[in-house]
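# Chain and residue survey
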Amino acid sequence: MTTVVSSETSHSTEQNPFDAALYQFDTAAERLGLDDRLRSMLRKPRRELTVNFPVEMDDGTVSMFRGYRVQHNVHRGPAKGGIRYSSSVALDEVRALAMLMTWKCAVVDLPFGGAKGGVQVEPRALSRRELENLTRRYATEIAVLIGPESDIPAPDMGTNSQVMAWIMDTISMHHGYSIPAVVTGKPVSIGGSRGRLTATSAGLVRVIVEAAAKLGINLEGATVAVQGAGNVGMGAVDFLTEVGARVVAVSDRTGGAFNNRGLDADRVRAAVGELMPLGDMPGVDAITNSELLTLDVDILVPAAIEGQITSRNAGSVRAKLVAEGANGPVTPRGEEILLDAGTVIAPDILANAGGVGVSYFEWVQDLQGFFWTDSQISERLASMMRRAFGEVWELHFQEDCDLRTAAYMLAIRRVAEAASVRGLYP
């Protein structure tokens, strides 16, 4: 039976992302009957690095920044995980995201462990030169950990392919030769993979297609609300439109736009690019991010940041299917409320694993020095996501549990088996 947390624990997991990650792990580990030794090993990050480093600014002054790199687990292979630049970055957040990456890689059966990194900075407040200086210094500070066989970073919130190019070049300069496989998500011109930019949203929509078929939701004309207008959110809008769904609401940090007849993706993208509040677009109703989450739609896609659906608003969510494009957008207590109401949740470690899937493809291509076409990437990604969803769905029926618990059970079982086979050294 799924462990039910106390009100105190529920409050904690809504405030602290690492507590939430541990709660989700413990729930699945309890159902698996996981050995206490393995459970204690898998609850702890393997390695945590905190760095404080100086960066020269454009005016000649020097500012200090704090960064992190956390490796949660490497039993199944090198650590894999993004680097985030945000003023809100904190160690517990990075720990939680590193743990999520372990399960995400395992649930889609990739030979990676989980890691995450971050710097406490508001990247939009820096000039391009300052951002490059910060990135190269941070890369130098974490160089003791990262490498193609040990820990492979990727873009995350606040970072992009250019940031990955600077990291790749910095590490390559340290060694005296190019090491393209040290990062993924870099430009195609220096060893990046085709399809990487849209990989997370493509995988997300593949999971939505599979889940909708199981739930009897006809995607032709199904209504969808998407929270988040970044790469994942806008990519999801495009792919959902292609499969016939009607995206009626999209939001970003400024708020959102609603039109029950459906929104034009190109107009939304143009508004985002021009930094126009989405609610100011002609022919739409302005809504808040909170209002978007409670719209009467078939499918809700929270693709912004963590902690969006909580005990405070989960009772007002009306979507039949919630597909987590972001990491941790539903808190454990929020999830309990949604599940009690019959809402199906496609969990983050499955639903947004398309990004790490194509990151794996990029890593393999870099190591081989042989690159695949767009269609080959798309076919491999679709096959990976279909297989993973099918395995999670089957386990969910076998165990009579929700999809998140099933996904965690599948992932934890794989990591625990690897840990058991490898044994303890010395």
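Rules and cut-offs
- Residues numbered from 1 in each chain as written.
- Predicted model: local features only at pLDDT ≥ 70, side-chain atom pairs only at ≥ 80, totals over all residues.
- Heavy atoms only, no water.
- Helix = DSSP H or I, 4+ residues; strand = E, 2+ residues; numbered from the N terminus.
- Rg over C-alpha atoms; globule rule 2.2 N^0.38 Å.
- Contact = heavy atoms within 4.5 Å.
- Areas by Shrake-Rupley, 256 points an atom, 1.4 Å probe, with all protein chains shown as cover.
- Axes fitted to C-alpha atoms, helices over the stretch in contact; angles between N-to-C directions.
- Parallel < 35°, antiparallel > 145°, perpendicular 65-115°, else oblique.
- Nonpolar A, V, L, I, M, F, W, Y, C, P; charged D, E, K, R; others polar.
- Pairing = 2+ DSSP bridges.
- Left-handed = near helix turned anticlockwise from the far one by under 90°.

## Focus: the overall build of the protein
The secondary structure content of the protein amounts to 15 helices and 12 strands. Taken over C-alpha atoms, the radius of gyration comes to 21 Å for the protein, in line with the 22 Å a tight globule of 426 residues would show. For the protein, the C-alpha atoms occupy an extent of roughly 55 × 55 × 45 Å along the three principal directions. Partitioning the contacts of the protein with sequence separation of at least 6, the portion at a separation of at least 24 is 67%. Within the structure as shown, the protein displays about 17700 Å² of accessible surface, and the carbon and sulfur contribution to it stands at 50%.

## Observations regarding the packing of helix α2 (residues 17-32) against helix α15 (residues 403-422)
Viewed as axis vectors pointing N to C, α2 and α15 meet at an angle of 75°, and their least axial separation amounts to 9 Å. Here α15 runs roughly perpendicular to α2, going by the angle between their axes. For the pair α2 and α15, the contacting residues are Q24, F25, T27, A28, A29, R31 and L32 in the first and R404, T405, Y408, M409, I412 and R413 in the second. In terms of residue class, the contact of α2 with α15 is built from seven nonpolar, three polar and three charged.

## Some thoughts on unusual backbone geometry
Across residues other than glycine, the phi torsion is negative in most instances, and most of the peptide bonds are trans. A cis amide bond, omega 0°, links Y425 with the succeeding residue P426. By the secondary structure assignment, P426 is in the segment after α15. Despite not being glycine, D109 has its phi angle at roughly 60°, a positive value. Locating D109 in the fold gives a position in the loop between α4 (91-107) and β4 (113-120).

## Here we look at the pairing of strand β1 (residues 47-56)
In this sheet, strand β2 (residues 62-73) lies alongside β1 in antiparallel orientation, the contact comprising 10 bridges. Pairing of F53 across the sheet is with F65, part of β2.

## Some details on the packing of helix α13 (residues 354-368) against helix α14 (residues 374-399)
Between α13 and α14, the shortest axis-to-axis distance is 10 Å and the interhelical angle comes to 130°. On the basis of their axis angle, the class for α13 and α14 is oblique. Classified by chirality, the crossing of α14 by α13 is right-handed. Residue-level contacts link G354, G357, V358, F361 and Q365 of α13 to I377, R380, L381, M384 and M385 of α14. Among the residues forming the contact of α13 with α14, the class breakdown is six nonpolar, three polar and one charged.

## Considerations on the sheet that holds strand β9 (residues 285-287)
Here we have seven strands laid out as an open sheet, ordered β9-β8-β7-β6-β10-β11-β12, and mixed in their pairing. The sheet is open, and its two edges are formed by β9 and β12 (344-346), each paired on a single side. Going across the sheet, the axis of each strand differs from the next one's by a mean of 20°, ignoring polarity. Bridge count for strand β6 (residues 223-227) against strand β7 (residues 246-252) is five bridges, and the pairing is parallel. Looking across to β7, one finds that V226 is bridged to V250.

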